[in-house]
Amino acid sequence: MSAPVTDKEKRKQISVRGIAQVENVANVKKSFNRHLHYTIIKDRHVATKRDYYFSLANVVKDHLVSRWIRTQQHYYETDPKRVYYLSLEFYMGRSLTNTMINLGIQGACDEAMYQLGLDIEEMEEMEADAGLGNGGLGRLAACFLDSMATLAMPSYGYGIRYEYGIFSQKIDNCEQCEEPDDWLRFGNPWEKARPEHTVPVHFYGNVVYTAEGGRNWENTEVVLAVPYDNPIPGYGNNVCNTLRLWSAKSPLSFNLKLFNTGDYIQSVLDRNIAENITRVLYPKDNMFEGKVLRLKQEYFLCAATLNDVVRRFKYGSRDAARTNFDMMPDKVAIQLNDTHPAIAIPELMRILLDEEDLSWEQAWTITWKCCAYTNHTILPE
């Protein structure tokens, strides 16, 4: 008679009932050709190595999405305490090989590509490096996400979807040259845009006190934070967590009136200013404008994320919408990766005070119980 399974062990496994099992080599080949034909819309006569990479990535993603959906359903049903990891950097790197290994299908995919006369290593080289970090701090954040998924911890990563990540290195006359890293140039097969969860983020403006003693934030500049979800599969346990990256969009695409008068540059100026927030990883801050942009990036990430965190706390389970925020520390753990997202603490206070009408003492108790901080250096910054 087998030993009883503890609750801790049960939590490490997600039921695979109803999930398509790993297919054999023939079915991988069939799925690969189907994606090349119907998703990439090419045939073997004109397809490039990059087209083959995208086809294989979609084959692997077919095995991943059921686990992704099932994991989120499991969290919704069981309503566990969730970890929210905020970082201005996530050095994720390439996802294809890591995902195949974690799902246990690398051998089948490798053999299928070999039988089709293709080199899987050449396809892996075609994947753009998701270099949304500078080095150790960003790579640590990525490793934490992998570890939490493998440990079946209900967790979410939150960062910024930079249009240009860490620089692309070129060597010219024996010297390093840094060029923009346009990693999204050909698209990202792993991400899924979630425009239905777009969050308005406010900048500038002023506070107006109401007759009832409340506070309204008025005359603000609004930037829309559009989320893009990326899967984080655990190793061999059918768990798939989420990394949500925010992209800045202007609420107005362009000024049609100015455009029709011939002022083409001014017509799109406001849009460009808003979307510059997520344009580049770490803009230079040796000038005032650079300092402002970095601070905007930090607040943009924290404001959008905390809006999402509070929404999930209130509505992220089968229970009726929560109104008792004293329960929040039992359901929410916010981990701040270094000082960059430290503005999350006053922002959470603002949400609890101004939007949820809590007292200062209650809001502060909830905030310090929910938030934790990782220090990366003992040097003055």
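The structure this text deals with has already been given above.
Keep in mind that what you see is a predicted model, and the values were worked out from it rather than measured.

Time to look at the overall build of the protein. The number of helices and strands found in the protein is 14 helices and 14 strands. Each of the 381 residues in the protein was classed as buried or not, and the buried ones make up 44%. Within the protein, contacts between residues at least 6 apart in sequence are counted, and of these 71% link residues at least 24 apart. As displayed, the protein offers around 20,500 Å² of accessible surface, 53% of which is attributable to carbon and sulfur atoms.

Going through the model one piece at a time under the given rule, you end up with 19 salt bridges. For K331, the salt bridge identified is with D79, shortest N-O distance 3.4 Å. Placement of K331 in helix α12 (residues 328–331) and of D79 in the loop between α3 (49–78) and β1 (82–86) is noted, with a sequence separation of 252 residues between them. The burial state of K331 is the same as that of D79; both residues are buried. R350 is the partner of E347 in a salt bridge, and the nearest nitrogen-oxygen pair spans 2.9 Å. On the criterion of helical spacing, the pair formed by E347 and R350 is a turn pair, its members being 3 residues apart in helix α13 (residues 344–355). For R350, a relative accessible area of 21% gives the class partly exposed. Through salt bridges with shared partners, a single ionic network connects R194, D229, R244, D308, R311 and R312.

What follows is about the packing of aromatic side chains. Using the criterion set out here, one finds 9 aromatic pairs in the structure. Summarising the aromatic geometry, the rings of Y84 and Y156 are spaced 5.5 Å apart at their centres and angled 15° between planes, so their arrangement reads as stacked. Of the two residues, Y84 sits in strand β1 while Y156 sits in strand β4 (residues 155–160), which places them 72 residues apart along the sequence. Classification of Y156 as buried rests on a relative accessible area of 6%.

The next thing to look at is the pairing of strand β8 (residues 199–203). Only one face of β8 is buried: it carries V199, V201 and F203, and the other face, with P200 and H202, is open. Judged from the 5 bridges that link them, β8 and strand β11 (residues 221–233) form a sheet pairing that is antiparallel. Across the sheet, the residue bridging to V199 is A225, located in β11.

Further remarks concern the pairing of strand β13 (residues 332–337). Sheet topology places β1 next to β13; 5 bridges connect them, and they run parallel. Looking across to β13, one finds that Y84 is bridged to I334. Two elements, β13 and strand β14 (residues 371–374), share 4 bridges in a ladder whose sense is parallel. Its bridge partner lying in β14, I334 is registered against C371.

Note that E127 resides in the loop between α6 (120–126) and β3 (130–132). Engagement of the side chain of E127 in a polar contact is seen with the backbone nitrogen of L96, the distance being 3.0 Å. Contacts of E127, omitting those with residues within four sequence positions, involve Y53, R94, S95, L96 and W190.

Axis separation between helix α2 (residues 25–38) and helix α5 (residues 106–115) bottoms out at 9 Å; the angle between their running directions is 65°. Put simply, α2 runs roughly perpendicular to α5. Of the two elements, α2 crosses α5, and the hand of that crossing is right-handed. Residues V25, V28, K29 and F32 of α2 form the contact with α5, whose own contacting residues are A108, C109, E111, A112, M113 and Q115. Here the contact of α2 with α5 is composed, by residue class, of 7 nonpolar, 1 polar and 2 charged.

Phi at D79 takes a positive value of approximately 50°, unusual for a residue other than glycine. With a relative accessible area of 9%, D79 lands in the buried category. Despite not being glycine, C174 shows a phi value in the positive range, around 65°. By secondary structure assignment, the location of C174 is in the loop between β5 (168–172) and β6 (175–179). You can call C174 exposed: its relative accessible area is 79%.

On to the packing of α3 against helix α4 (residues 96–103), then. Packing of α3 against α4 leaves a shortest axis separation of 10 Å and a crossing angle of 40°. Judged on the interaxial angle alone, α4 and α3 are oblique. Judged by the twist between their axes, the crossing of α3 over α4 is left-handed. Residues Y53, L56, A57, V60, H63, L64 and R67 of α3 touch α4, and the partners they reach there are L96, T99, M100 and L103. In terms of residue class, the contact of α3 with α4 is built from 8 nonpolar, 2 polar and 1 charged.

F300, M328 and I334 are the most contacted members of the largest nonpolar core, which has 64 residues in total. Among the elements that line this core, the one with the most residues is helix α11 (residues 288–315), at 10 residues. Sequence-distant contacts of F300, defined by excluding residues within four places in its chain, comprise V201, F203, V223, L224, A225, W246, S247, A248, I277 and T278. Membership of the second largest hydrophobic core comes to 29 residues, among which are F32, V59, L96 and I120.

Conventions used here
- Residues numbered from 1 in each chain as written.
- Predicted model: local features only at pLDDT ≥ 70, side-chain atom pairs only at ≥ 80, totals over all residues.
- Heavy atoms only, no water.
- Helix = DSSP H or I, 4+ residues; strand = E, 2+ residues; numbered from the N terminus.
- Buried < 20%, exposed > 50% of the residue type's maximum accessible area, 1.4 Å probe, protein only.
- Contact = heavy atoms within 4.5 Å.
- Areas by Shrake-Rupley, 256 points an atom, 1.4 Å probe, with all protein chains shown as cover.
- Salt bridge = Lys/Arg side-chain N within 4 Å of Asp/Glu carboxyl O.
- Phe/Tyr/Trp six-rings, centres within 6.5 Å; stacked < 30°, edge-to-face > 60°.
- Pairing = 2+ DSSP bridges.
- Polar contact = N/O pair within 3.5 Å; in protein donor to acceptor, adjacent residues only side chain to side chain.
- Axes fitted to C-alpha atoms, helices over the stretch in contact; angles between N-to-C directions.
- Parallel < 35°, antiparallel > 145°, perpendicular 65-115°, else oblique.
- Left-handed = near helix turned anticlockwise from the far one by under 90°.
- Nonpolar A, V, L, I, M, F, W, Y, C, P; charged D, E, K, R; others polar.
- Core = buried A, V, L, I, M, F, W, Y, C linked by side-chain atoms within 4.5 Å.

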